[in-house]
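Listed below, chain by chain, are the residues.
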Amino acid sequence: METQQAEQCALCGMEITGTPVVRTIHGREVHFDTDGCARVYEVADSQGILEQVLSDAEPKHTGALERMRSPHATAFIDLGGMWCASCATSAGRVLEHADGVASATFNFAMGKGRVDYDPSKIEIDEILHRLEGMGYSPRVTGETGRKDTGRAEERILIQAIVALAFQMQVMLLYLERLYPLYSRGQFASADAHMVGLIVWALATPALFFGGQSFLRGAWHSLLARSANMDTLVALGTLAAYSYSVWAVLVGDRPVYFDSVVMITAFVVVGRYLETVGGARARKDVRALLELQPERAWKQDNGELTQVRASTLVDGDTIVVKQGERVPVDAEVCEGGGAVNEAPLTGEAVPVRKAVGDEVLAGTILTDGSVVARVVRVAEETRLAAVRHLVEATLAAKAPAERLADTASKWLTLGIIAVSLVTFAGWSLFSRSPTEALIAAVAVLVVACPCALGLATPLAVSVALGHAATAGVLVRSPAALETAGLITRAAFDKTGTLTRGELQVVAAVPADASITGAELTCIAAAAEEHSEHPLGRAVVRACPEASGATDFTPAKGEGVEAVVGGLPVRVGRDTYVHGQAPVSLLKVEQDHASEGRTVVWVSQGEQVIGLIALRDELLPGAAEVIGTMHGMGVSTALLSGDSGAVTAAIAEQLGIDAHEARLTPERKAEVIAAWQGEGERVLMVGDGVNDAPALARADVSVTVAGGTDVAGETSDVVLARQDLRLVPWFVRLSATSRRVIRENLGWALLYNAVAVPLAAFGIISPAIAAATMAGSSLLVVGNSLRLGRVLTASERSLR
């Protein structure tokens, strides 16, 4: 890729120093300097969408530069065979012990993970082999293979049926034979010994087949040099089973196979319900990831053949019939109809498509039929960009989730210590090893670190799924936690609060020597090579203008070029040559009071006129500002426009504060000043022009266009230009935080109450297993309640 370095920052005009961090935004390569400035290069060939996402994984952290310098690769992995949140933690820890693996994180809620590794030290096949050695079923995300949807539910259901079947047989024998014998003290009778052998035979498959989920999980944790809920349950059941086997062989002691099968049955049934509930909680994300049709109708020489969508290439002709999903992004050549784009943008109203319009992969043609030409293949569509973005986000862990994982690990180790103390205490004071064993087993089984591990990821998965459905794509899990805490929302003007479609509405000459049309064409010639929205709008007003030479952009103030042999400047009043006539100053004030942007034009050493441009406010912008105020969030307008225009827009929308004539670098300084006063700032901007401010804000939001979803620098990307999504996302964050706090609070309270009860022998191992399963189910149910709340809130966006 050939690039040409600019002398100054492409955004603020400052001199570039230091080593830059490279990111790709809106199809351009932006090199961010260490002081926040940026230089822009054209990208000769596009990077992979997923790579673009990864290059900006942590834009606000100081370690990003060092990570970019180090040679590494990143793999996203679908991991089947995880039974609980602790499995995800164990898998990551095992991989991190391997030489060449920098970090590995897995998300149990979605069965996905991210592994950063050095390919010169370890290959992806070795990583997959290590995961297979732990009993998991890994594959690189995007590779073909059988879908695991429903398989986990089937496996755990079979184990639950086996555990329940044998548990009922064991309990019948205990109720009919062993309990009466034990009540009479006949532990050593031949009848008790015979029945003991039978229940031993029945309890063995109940534990080792029905309970293989937690036994395997405990083994995985051992390999990872860690401990989790599976460790506790496995220790408890194996201790009771081993003691009972010894008691049967000795023949003069009671056996506790009843506790073994009861614990196994309660745990496995609870795990099945937890799996089903988790699948319901993440169904929205699953639906988004599975929008891509596998087959497509390809037209070749008038003949229709059905082919795999992945085999289509640019330029192929496809046919989409009524009721079918569009397989790839394509341009309509014939026909037309209504397309439901809600799965991608959240827009409830079908969009009419005609010849020349673009239809997007994953959308549904609800009416009509079209013949279209492929413009982006399956792996380059907007749907693919969204899918990769969501997968990358799910593979990351939110700060609260990392904290919960750490707490769960230490809770597990603490429970093992409490169990040992309980056994020692009961042995010392009751002088009954049997009672000591039962109390210790109850402590091991009643603890529920898994509820801690589930508290955050399940709620985050629910929130991310609903956000994606509504048209809000969250790139950073941390943003989902932080957005609900913001105290100020800052908005850019052009393209954010306005449509970003500037139009020339007036061209006023300084005198009668030229007409308004001539003034416009002189300015358009000077702006011919400009990339600024104002410049492009002026050029559109006089497209035939050309012939300018010596084009020079000037530090965000305007442009200068030679037109017709004379130097022409177009830009701010402080930039152009000459003194503006009083009459034009009055005209400028009139336009500015109506929120219009004014650019001045000078030729030679005198001002020859001004051009006024209008950009309509987005519908509902004032309503959005009012909603933010109702939520207790103050608002601000940060604009590079003149003070009069900025003040007019702020007054029109009811915005609390406004700053005008700001360079991109200055916007970042304003946000930093607010943060220095203790505020948490959300910035809503339009991408490249606001890049320093977006990088500085606590939460950054941009509006995507086309396939730019994965190329944004922000934490959150809006899939459609609807500002109502901003306060909706803030509410989503606050609601998610509340549910996560409730989940964590319940998990901690449960363990604080249940463990002492078990230690003092107040609850038996069987009851302990039932309450432990109920604790996890309560967390799942609360996360499902979050889904119902969010579904109701989405109706306000329609």
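Residues numbered from 1 in each chain as written. Predicted model: local features only at pLDDT ≥ 70, side-chain atom pairs only at ≥ 80, totals over all residues. Heavy atoms only, no water.

1. Quick look at the overall build of the chain
Within the chain, the secondary structure is distributed over 26 helices and 27 strands. The buried share of the chain, reckoned over its 798 residues, is 54%. Within the chain, residue pairs in contact and separated by at least 24 positions form 68% of the contacts whose partners lie at least 6 positions apart. (Helix = DSSP H or I, 4+ residues; strand = E, 2+ residues; numbered from the N terminus. Buried < 20%, exposed > 50% of the residue type's maximum accessible area, 1.4 Å probe, protein only. Contact = heavy atoms within 4.5 Å.)

2. Quick word on the pattern of salt bridges
This model, assessed by the stated rule, comprises 20 salt bridges. With its nearest N and O atoms 3.8 Å apart, the salt bridge here joins Asp316 to Lys298. Linking Asp316 in the loop between β9 (303-308) and β10 (317-320) with Lys298 in strand β8 (residues 295-300), this pair joins segments that are 18 residues apart in sequence. On the accessibility criterion, Asp316 (14% relative accessible area) is buried. Notably, a salt bridge pairs Glu358 with Arg376, separated by 2.3 Å at the nearest N-O pair. Remark: Arg376 occurs in strand β14 (residues 364-376) and Glu358 occurs in strand β13 (residues 358-359); sequence separation between them is 18 residues. One network of salt bridges, with partners in common, ties together Asp329, Glu358 and Arg376. (Salt bridge = Lys/Arg side-chain N within 4 Å of Asp/Glu carboxyl O.)

3. A few points about helix α23 (residues 664-676)
Look at α23: 19 Å from first C-alpha to last across 13 residues, which is about the 18 Å you get at 1.5 Å a residue. Turning to α23, its buried residues are Pro664, Glu665, Lys667, Ala668, Val670, Ile671, Trp674 and Gln675. Those residues of α23 hidden inside the fold are in contact with β16 (488-491), β23 (634-638), β24 (657-659), β25 (681-685) and α24 (691-696). Where α23 ends, the next residue or the one after it, Gly678, has phi of about 95 degrees, a positive value. (Expected span 1.5 Å × (residues − 1).)

4. Things to note about the sheet that holds strand β15 (residues 472-474)
With mixed pairing, 7 strands are arranged side by side in an open sheet as β15-β27-β26-β25-β16-β23-β24. The open sheet has two edge strands, β15 and β24, and neither has a second partner. Taken over all neighbouring pairs, the strand axes of this sheet differ in orientation by 20 degrees on average, direction set aside. In terms of strand pairing, β15 meets strand β27 (residues 716-718) through 3 bridges, oriented antiparallel. The residue bridging Val472 from the neighbouring strand is Leu718, located in β27. Each of β23 and β24 touches helix α22 (residues 643-653); the most contacted strand, β24, lies at about 160 degrees to it. (Pairing = 2+ DSSP bridges. Axes fitted to C-alpha atoms, helices over the stretch in contact; angles between N-to-C directions.)

5. Regarding the state of the cysteines
Taken as a whole and judged by the stated rule, the model has 1 disulfide. The disulfide partner of Cys521 is Cys542, and the S-S distance across this bridge is 2.0 Å. The sign of the 90 degrees torsion about the S-S bond sets the Cys521-Cys542 disulfide as right-handed. Of the two residues, Cys521 is situated in helix α18 (residues 516-526) and Cys542 in the loop between α19 (533-541) and β18 (549-554); the sequence distance between them amounts to 21 residues. Given a relative accessible area of 1%, Cys542 falls into the buried group. (Disulfide = S-S within 2.5 Å.)

6. Here's the deal with the side chain of Thr237
Inspection of the secondary structure assignment puts Thr237 in helix α8 (residues 229-250). Apart from the residues within four sequence positions on either side, Thr237 is in contact with Leu207, Phe214, Val260, Ile263 and Thr264.

7. Observations concerning the nonpolar core
Core analysis: the largest hydrophobic core is formed by 58 residues, its most contacted members being Tyr174, Leu178, Phe214, Val255, Phe257 and Val446. Mapped onto this core, the elements with two or more residues apiece are α5 (151-183), α6 (190-208), α7 (212-223), α8, α9 (257-281), α14 (433-446), α25 (725-759) and α26 (765-794). In terms of residue count, the dominant contributor to this core is α8 (10 residues). Non-local contacts of Val446, meaning those with residues more than four positions away in its chain, are made with Tyr750, Ala754, Val755, Ala758, Ile763, Ala768, Thr771 and Met772. Judged by nonpolar contacts, the second largest core, of 47 residues, contains Ala463, Ala470, Ile486 and Ile649. (Core = buried A, V, L, I, M, F, W, Y, C linked by side-chain atoms within 4.5 Å.)

8. Structural notes on the pairing of β9
Across 6 bridges, the pairing between β8 and β9 is antiparallel. Each bridged residue has a counterpart across the sheet, and for Asp300 the counterpart in β9 is Glu303. Between the end of β8 and the start of β9, which pair antiparallel, lie 2 residues, with Asn301 showing a positive phi angle near 55 degrees.

9. Concerning the pairing of strand β4 (residues 73-80)
Successive residues of a regular strand alternate their side chains across the two faces of the sheet. Of all 8 residues making up β4, 6 are buried, and the element is well covered by its neighbours. As paired elements, β4 and strand β6 (residues 112-117) share 6 bridges and run antiparallel to each other. Bridge pairing in β6 links Asp78 to Lys112. Sheet topology places β4 next to strand β7 (residues 137-140); 4 bridges connect them, and they run antiparallel. Its bridge partner lying in β7, Gly80 is registered against Ser137.

10. Remarks on the sheet that holds β7
Pairing between sheet strands relies on hydrogen bonds along the backbone, with the strands arranged either parallel or antiparallel. Ordered in space as β5-β6-β4-β7, the 4 strands form an open sheet in which the pairing is antiparallel. Of all the strands in the sheet, just β5 (101-107) and β7 have a single pairing partner and so form its edges. Put simply, the sheet's adjacent strands are angled 25 degrees from each other on average, direction ignored.

11. Section: the side chain of Thr635
Of note, Thr635 is situated in strand β23. According to the relative accessible area criterion, Thr635 is buried, its value standing at 0%. The contact partners of Thr635, leaving out residues within four places of it in the chain, are Arg488, Ala489, Phe491, Ile625, Met628, His629, Gly654, Ile655, Asp656 and Ala657.

12. Observations concerning the packing of aromatic side chains
Taken as a whole, this structure holds 7 aromatic pairs when the rule is applied. Judged by centre distance (5.3 Å) and plane angle (85 degrees), the rings of Phe208 and Tyr241 are edge-to-face. One end of the pair, Phe208, is in helix α6; the other, Tyr241, is in helix α8, and 33 residues separate them in sequence. With a relative accessible area of 11%, Tyr241 lands in the buried category. These aromatic residues form a ring-pair network of at least three members: Phe208, Tyr241 and Phe257. Across from the ring centre of Trp674, 4.4 Å away, lies the NZ or CZ of Arg488, which sits over that ring. The residue whose ring lies beneath Arg569 is Tyr575, and the NZ or CZ to ring-centre distance is 4.4 Å. (Phe/Tyr/Trp six-rings, centres within 6.5 Å; stacked < 30°, edge-to-face > 60°. Lys NZ or Arg CZ within 6 Å of the ring centre and 35° of its normal.)

13. Topic: the environment of Leu232
Tracing the backbone through its elements, the reader meets Leu232 in helix α8. We classify Leu232 as buried; its relative accessible area is 0%. Counting along the chain gives 216 residues from Leu232 to Cys448, while the straight-line C-alpha distance between them is 8.9 Å.

14. Remarks on the confidence of the model for the chain
Overall, the predicted model of the chain reaches an average pLDDT of 79, with 80% of residues at or above 70. Mean pLDDT across the elements of the chain bottoms out in helix α1 (residues 49-55) (29) and peaks in β16 (95). Between residues 1-70, whose pLDDT stays under 50, and residues either more than four places distant or in other chains, the model counts 149 contacts. Per-residue pLDDT stays below 50 along residues 706-711; that stretch engages in 23 contacts with residues further than four places along the chain or on separate chains. (pLDDT = per-residue confidence, 0-100.)

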